[in-house]
Amino acid sequence: MGRGRSIYYIVRNFLFSSVNREFLVFLFFLALSGVFWLMMTLNETYEKELKIPVCIMNVPQNVVLTSDATDTIRVTLSDKGFVLLGYMYGDVLRPIKLNFKNYMRTQGSVSVSAAELQRLAYQQLSASTKIVGVKPDRFEFFYNYGLRKRVPVRWSGRVLPEHLYFISHVEYRPDSVDVYASQERLDSISVVYTETLNYANFRDTLSVSCGLQKMKGVKCVPEKVGVVFYTDVLTEARIDNIPVRGINMPEGKVLRTFPAKVAVKFVTGVSQFRGLSAADFTVVVDYNDIVAHPSDKCTLYLKSVPEGISRVALETRMVDYLIEEE
């Protein structure tokens, strides 16, 4: 108790000494002048752009909004600084509510003019406040009566694993979504893409939860999907003994090549290579090509290869051949 009292006297004597008393007087008048300056400043007229949410209310159960139920407009207000501060930090500006039944049309889209938005905004503003501008110049929303289409999901962006790794398989959860839109828009949509993904330098399986790209007048259900990228180690591989087949052969003729079987080289994942065989590749010689370009040798073509492999090349591109009668 005694120690606390002694500290109190030390502080009091320090603050109210002749030197510090003058400093306190200076601080008092400085603060007072600051208050006057602030009051004069806030009494001036300013313009400030503020955001006001716009909500669509009373939507019937049989109607599906294919645009966001809540959006935002930007309103530029002109008034005294005191009033604008109340709009900025107070609970004055509330969402503008649009009654769906007042704007319902048969074509499935509604456009509310800036003048109408301005009229609704004035209802919650002070009498001294003026609206200088409204952006955008109109507020649009879209709807339908349950018209939808099931479409697949595909990822978009830049997803690159580490060197010597590659993406062997992509899994979507779910792999398709329901798209709600007008019939014209539905006819033009065959796939829905994810928002832009950007991942690099990973080697293990990558799981991503992401939204779908926004399309005007289109609603996707669900709005988010999971994408799983499976990786594998790249390896250069070779498969031998792939038989050469003739295509477009006339009836009664048989093609024989020398050699009769060839090899292919390619790049794929280690795990996928274990399941590949010569039967997964098709190597052909086109009889029409032989007729069009007569030569002692014929050209080989890779007609089909398994998915998930790249840089496929025949070790032999041209071989000797013989056409015999059956």
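Parameters and conventions
- Residues numbered from 1 in each chain as written.
- Predicted model: local features only at pLDDT ≥ 70, side-chain atom pairs only at ≥ 80, totals over all residues.
- Heavy atoms only, no water.
- Helix = DSSP H or I, 4+ residues; strand = E, 2+ residues; numbered from the N terminus.
- Buried < 20%, exposed > 50% of the residue type's maximum accessible area, 1.4 Å probe, protein only.
- Contact = heavy atoms within 4.5 Å.
- Areas by Shrake-Rupley, 256 points an atom, 1.4 Å probe, with all protein chains shown as cover.
- Pairing = 2+ DSSP bridges.
- Axes fitted to C-alpha atoms, helices over the stretch in contact; angles between N-to-C directions.
- Core = buried A, V, L, I, M, F, W, Y, C linked by side-chain atoms within 4.5 Å.
- Polar contact = N/O pair within 3.5 Å; in protein donor to acceptor, adjacent residues only side chain to side chain.

### Things to note about the overall build of the protein chain
Summing up its helical and strand segments, the protein chain has eight helices and 21 strands in all. Evaluated residue by residue, the protein chain yields a buried proportion of 33% over its 326 residues. Long-range pairs, those at least 24 residues apart, make up 74% of the contacts in the protein chain with a sequence separation of at least 6. Total accessible area computed for the protein chain in this model is approximately 20,700 Å², and 53% of it derives from carbon and sulfur atoms.

### Some details on the sheet that holds strand S3 (residues 70-80)
Ordered by their spatial adjacency, four strands build an open sheet running S4-S1-S3-S6, and the pairing between neighbours is mixed. Two strands bound the open sheet, and with one partner strand each, they are strand S4 (96-99) and strand S6 (130-135). On average, each strand axis in the sheet is tilted by 30 degrees relative to the strand beside it, whichever way the strands run. Bridge count between S3 and S6: five bridges; the pairing is antiparallel. Of the residues in S6, the one forming a bridge with threonine 76 is glycine 133. Strand contacts of helix H3 (residues 81-89): strand S1 (45-57) and S3, with the helix running at about 160 degrees to S3, the strand carrying the most contacts. Across the sheet, helix H5 (residues 114-122) lies against S3, S4 and S6, angled at about 135 degrees from S6, the strand it touches most.

### Re unusual backbone geometry
Here the amide bond leading from lysine 135 into proline 136 is cis, since omega sits at -5 degrees, within 30 degrees of zero. In the segment running from valine 221 into proline 222, the intervening peptide bond is cis, with an omega of 0 degrees. Of note, asparagine 58 is a non-glycine position whose phi angle comes to about 55 degrees, a positive value. Mapped onto the secondary structure, asparagine 58 falls in the loop between S1 and strand S2 (64-65). Although it is not a glycine, asparagine 201 sits at a positive phi angle of roughly 60 degrees. Inspection of the secondary structure assignment puts asparagine 201 in the loop between strand S11 (192-200) and strand S12 (206-211). Classification of asparagine 201 by relative accessible area gives exposed; the value is 60%.

### Quick look at the nonpolar core
Counting residues in hydrophobic clusters, the biggest one holds 28 residues, and the most contacted among them are Ile73, Leu77, Ile96, Leu98, Phe139 and Phe141. Apart from residues no more than four positions distant in its own chain, leucine 98 is found in contact with Val54, Cys55, Ile56, Met57, Tyr103, Val112, Leu120 and Phe139. Among the nonpolar cores identified, the runner-up in size contains 21 residues, and Val159, Val192, Leu197 and Val208 belong to it.

### Structural notes on the environment of leucine 314
On the secondary structure map, leucine 314 appears in strand S20 (residues 310-314). Judged by relative accessible area, leucine 314 falls into the buried class, the value being 10%. When neighbours within four sequence positions are excluded, leucine 314 is seen to be in contact with Val262, Ala263, Val264, Val283, Leu300, Tyr301 and Leu302.

### Thoughts on the environment of glutamate 324
Turning to its location among the elements, glutamate 324 is positioned in strand S21 (residues 318-325). When the C-alpha atoms of glutamate 324 and lysine 253 are compared, they prove to be 5.6 Å apart, with 71 residues separating the residues in sequence. The contacts of glutamate 324, once residues within four sequence positions are left out, are Gly252, Lys253, Val254 and Arg256. Polar contacts involving the side chain of glutamate 324 include one to the side chain of arginine 256, which spans 2.6 Å.

### Quick notes on the side chain of threonine 129
The topology assignment puts threonine 129 in the loop between H5 and S6. Its relative accessible area of 3% is what places threonine 129 among the buried residues. Apart from the residues within four sequence positions on either side, threonine 129 is in contact with Leu77, Ser78, Asp79, Val83, Tyr87 and Tyr122.

Read these as spatial facts, not as claims about activity.
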